[in-house]
Amino acid sequence: SSGINAEYGGGVLGGSVVSLSLGRFPGMTRHLECVFTTILCCTSIRKLDLSFSRFSKDLANMFCSVVPTLTSLQDLNLSGCGINDTSFLKLSESVSKLPLQTLVLSYNLMSSCFTALLELVTQLEALKSLEVVGSTITTSHPISPELSKSVSDSGLTHLDLSQNFIEHYPTFPSKLKSLVLGGSNLDGRTNLTFPATLEQLTLENCNLSDL
């Protein structure tokens, strides 16, 4: 489905908006500059969905300059926005001090960003849910023990990394309850240690023959 949905307490689109959903809206990309300008007035916004709005380089830079002003933002969906390695690094700097509880970055082009993604997890102290499905993420070397420990100490309870090409995983967060790795290429080289708190584990369509 597609459409615009806004929830707000006042009569105009402005500081009282708490939820703004523009995901999958036809033609939204050509209106993003106007949208970002409007968002600047929505300082109380808690939920923002811009999924499948294609960001050009200029629009990505503009969004990164706008999003730090959303100091109440808890839920951000940027699936399918064309975020690549370079734009993700800028984005991570822009959101690192926000009170995000849910972050969705699925179906982007973040092939070399796994370490930076894990670092962002450790910086977002309120983060509970992270979904990065099908974003072509690959790893070429193990995660450092220091970063792995920091990820383990994070408050993340839901993690979905399915449909990527990750060989090296960190120690999973110690409070994790739901882990989705469907469509991942898991083999004998993959070292997986699951926390005792885990309640749901999804490994469908994985290469498990050598585990």
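Look up: the structure comes first, before these words.
Residues numbered from 1 in each chain as written. Predicted model: local features only at pLDDT ≥ 70, side-chain atom pairs only at ≥ 80, totals over all residues. Heavy atoms only, no water.

Section: unusual backbone geometry
Put simply, the rule is: Starting at the N terminus, helices and strands are each numbered in turn, a helix being any DSSP run of H or I of at least four residues and a strand any DSSP run of E of at least two.
Phi angles above zero are rare outside glycine, and tyrosine 107 is one such case at about 60 degrees. Secondary-structure assignment places tyrosine 107 in the loop between strand 5 (102–104) and helix 4 (114–123). Its identity is not glycine, yet glutamine 163 carries a phi of approximately 60 degrees, on the positive side. Its place among the elements puts glutamine 163 in the loop between strand 7 (158–160) and strand 8 (178–180).

Looking at the packing of helix 2 (residues 57–66) against helix 3 (residues 85–95)
Spelled out, the test is: Axis geometry follows a simple rule: fit a line to the C-alpha atoms, using only the stretch in contact for helices, then measure angles between N-to-C directions, giving values from 0 to 180 degrees. For this classification, under 35 degrees means roughly parallel, over 145 means roughly antiparallel, 65 to 115 means roughly perpendicular, and everything else is oblique. Working rule for handedness: look at the near helix, and if it is turned counterclockwise from the far one by less than a right angle, call the crossing left-handed; if clockwise, right-handed. Note on contacts: a residue pair is in contact if any heavy atoms of the two residues lie within 4.5 Å.
Where helix 2 meets helix 3, the axes come as close as 8 Å, and the angle between the chain directions of the two elements is 10 degrees. Comparing their axes, helix 3 and helix 2 come out roughly parallel. At the point where helix 2 passes helix 3, the crossing takes the left-handed sense. Across the interface between the two elements, Ala60, Asn61, Phe63 and Cys64 from helix 2 touch Ser87, Lys90, Leu91 and Ser94 from helix 3.

Looking at the packing of aromatic side chains
As a reminder of what qualifies: Stacked, tilted and edge-to-face pairs are distinguished by plane angle, under 30 degrees for stacked and over 60 for edge-to-face with tilted covering the rest, among Phe, Tyr and Trp rings (Trp via its six-membered ring) whose centres lie within 6.5 Å. Each residue is placed in one exposure class: buried if its accessible area under a 1.4 Å probe, protein chains only, is under 20% of its type's maximum, exposed if it is over 50%, and partly exposed if it falls in between.
Inspection of every chain in the model, using the stated rule, returns 4 aromatic pairs. Ring geometry for phenylalanine 172 versus phenylalanine 194: centroids 6.1 Å apart, planes at 10 degrees, classification stacked. A residue pair is termed long-range when its members are at least 10 positions apart, and phenylalanine 172 in the loop between strand 7 and strand 8 and phenylalanine 194 in the loop between strand 8 and strand 9 (200–202) qualify at 22 residues. With relative accessibility at 34%, the residue phenylalanine 194 sits in the partly exposed group. Within the aromatic cluster, the residues linked to one another by ring pairs are Tyr169, Phe172 and Phe194.

Considering the environment of threonine 139
Test applied: What qualifies as a polar contact is a pair of N or O atoms within 3.5 Å, subject to a donor-acceptor requirement within protein and to the restriction that residues adjacent in sequence count only when both atoms come from side chains.
On the secondary structure map, threonine 139 appears in the loop between strand 6 (129–131) and helix 5 (145–152). According to the relative accessible area criterion, threonine 139 is buried, its value standing at 13%. When the C-alpha atoms of threonine 139 and histidine 168 are compared, they prove to be 6.2 Å apart, with 29 residues separating the residues in sequence. Within the structure, threonine 139 has its side chain in polar contact with the backbone nitrogen of glutamate 167 (distance 2.9 Å). Here histidine 168 takes part through its backbone nitrogen, which lies 3.1 Å from a polar atom of the side chain of threonine 139.

Notes on helix 3
Rules: Directions pointing from the helix axis toward each C-beta atom define the arc.
Looking at helix 3, one finds that the buried residues are Ser87, Phe88, Leu91, Ser92, Ser94 and Val95. Looking down the long axis of helix 3, one finds its buried residues gathered within 160 degrees of arc, a one-sided arrangement. Facing away from the buried side of helix 3, by more than 90 degrees, are the exposed residues Thr86 and Glu93. Of the surrounding secondary structure, the elements contacted by the buried residues of helix 3 are helix 2, strand 4 (75–77) and helix 4. Here helix 3 starts with a cap whose side-chain oxygen sits 3.2 Å from the backbone nitrogen of threonine 86, and that cap is asparagine 84.

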